[in-house]
Amino acid sequence: MHYYRYSNAEVSCWYKYLLFSYNIVFWLAGVAFLAAGLWAWSEKGVLSDLTKVTGLHGLDPVVLVLVVGIVMFTLGFAGCVGALRENICLLKFFCGTIVFIFLLELAVAVMAFLFQDWVRDRVKEFFENNIKSYRDDIDLQNIIDSLQRINHCCGAQGPEDWDFNIYFDCKSESKSREKCGVPFSCCIPDPAQKVVNTQCGYDIRKKSKSQWDDQIFVKGCIHALEAWLPRNIYIVAGVFIAISLLQVSCYCYDSLKKNLFADKDLLKVEVVM
C-alpha cells in the first residue's frame, strides 16, 4: 500500500501557531461563557425545571450567554484543531462560519438603516416585553438597571413605559408599594449619597411631569441608544474591521495551503503491511 506526503512542512510554523494561539483564547472564552451560563441556570433552578425558560416573556440574559458560549466553543475548537492539524475541512468550517456571522451582521446593519421605522417599532416592542418581565428574572432586572443607569434613561421611550409592568402600573389595582413609581436605576444619583437609595423612585409619577426632571431621567432608552451609536461609531467600526481581518487571515491560511499543495514535491512512501 502506498500513500503520499510532502517533502517539507506545508505551512509556516509561525503562521500556524499564531492562528492556533488566537483560537485557543477564543475556545477558552467559549468555555468560560458556557460555565457561567450553566452556573447561572443552576442557581435559578432552571436545570431541574426547563419550563422556567419558557415562562419568562422577556429576554433571559443567560440564554444569550449560553448561545454565545456554544458558538465560541465550537468555532474555537474547529480553529484550534484545524490550525494545529492543518485540517482543510475544519478550517473551511471555521472560516465559513466567521464569514456567515460577518455577513449576517452586515445585513442587519443595512436592514436597520433602510427600514429604520420598522426596526424602531421592533426595538420598542422588545423593550416593552422586557419591562413587563422586570421582576420575573433577577438577571433581566440587573441588565435593565445597568442599561438605565449607564445611559441615564428610563423606560423604552420615557418613564410612562413602566405602566407596562404590573408592579409599577398607575392604573392597576395592585397594592404594590412601587405603584406609580419607577425603578431606582431611573433616579438621578446624588453625589453626596454613598449608599444607593432603592426607594428613590417611589410615587414619582404621581407628581407633575415638571417635577420629574429634578429626580429621575426622563429620556427613553431607545433615544439614548440612538444617540450612543454616532458617538461610538469608531468602536463599532473597529469590531467589524477585527472580524474582517480574522476572515482574511483564514482565507490566507487556506489559500497558502492550496498553493503549497500545488508546488511541493510529493514523496511516494511504501507501507509494508
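Worth saying up front: this structure is predicted, and the values here are computed from it rather than measured. (Residues numbered from 1 in each chain as written. Predicted model: local features only at pLDDT ≥ 70, side-chain atom pairs only at ≥ 80, totals over all residues. Heavy atoms only, no water.)

Asker: What exactly am I supposed to notice about the state of the cysteines here?
Answerer: Defined simply, a disulfide is a covalent bond joining two cysteines at their sulfur atoms. Within the structure shown, the criterion is met by four disulfides. At a sulfur-sulfur separation of 2.1 Å, the disulfide partner of C153 is C221. Looking along the S-S bond of the C153-C221 disulfide, the torsion reads about 85°, which is the right-handed sense. With C153 in the loop between α6 (138-151) and α7 (221-231) and C221 in helix α7, the pair connects residues that are 68 residues apart, well separated along the chain. Assigned by exposure class, C153 and C221 land together as buried. (Disulfide = S-S within 2.5 Å. Helix = DSSP H or I, 4+ residues; strand = E, 2+ residues; numbered from the N terminus. Buried < 20%, exposed > 50% of the residue type's maximum accessible area, 1.4 Å probe, protein only.)

Asker: Where do I start with the nonpolar core in this structure?
Answerer: Looking at soluble globular proteins, one finds that nonpolar side chains tend to be buried together. Ranked by internal contacts, the top residues of the largest apolar core, which has 14 residues, are C154, W162, V182 and I216. Setting aside residues no more than four positions away along its own chain, C154 makes contact with Q148, P159, W162, V182, C186, F217, K219, G220 and C221. (Core = buried A, V, L, I, M, F, W, Y, C linked by side-chain atoms within 4.5 Å. Contact = heavy atoms within 4.5 Å.)

Asker: Help me understand the confidence of the model for the chain in this model?
Answerer: Fine structural detail should not be taken from predicted coordinates in areas where pLDDT scores are low. Put simply, the chain has an average pLDDT of 76, and 72% of its residues get 70 or more. Per-residue pLDDT, averaged within each element of the chain, yields its smallest value for strand β2 (residues 266-270) (44) and its largest for α6 (89). In this model residues 2-9 is a low-confidence stretch, pLDDT under 50, and it forms 23 contacts with partners more than four residues away in sequence or in other chains. Residue range residues 258-273 is modelled with pLDDT below 50. Its contacts to residues more than four positions away, or to other chains, number 32 contacts. (pLDDT = per-residue confidence, 0-100.)

Asker: For this particular structure, what's the right way to read the UniProt feature "transmembrane region" (unreviewed entry) in the chain?
Answerer: With numbering aligned to this structure, UniProt lists the feature "transmembrane region" (unreviewed entry) at residues 20-42, 62-84, 91-115 and 233-253. Secondary structure across residues 20-42 comprises 100% helix and 0% strand; the distance between its end C-alpha atoms is 33 Å. With 100% helix and 0% strand, the stretch residues 62-84 has end C-alpha atoms that lie 32 Å from each other. (UniProt positions renumbered as here; feature names shortened; annotations may be inferred.)

Asker: Honestly, the packing of aromatic side chains in this entry has me stumped. Any pointers?
Answerer: Two aromatic rings, taken as a pair, are described by how far apart their centres are and by the angle between their planes. Overall, the coordinates contain five aromatic pairs when judged by the stated rule. Between F126 and F127, the ring centres sit 6.4 Å apart and the planes meet at 85°, which makes this aromatic pair edge-to-face. With relative accessibility at 44%, the residue F126 sits in the partly exposed group. Residue F127 is classed as buried on the basis of its relative accessible area, which comes to 14%. Three or more aromatic residues joined by ring pairs form one cluster here, namely Y134, W162 and F168. (Phe/Tyr/Trp six-rings, centres within 6.5 Å; stacked < 30°, edge-to-face > 60°.)

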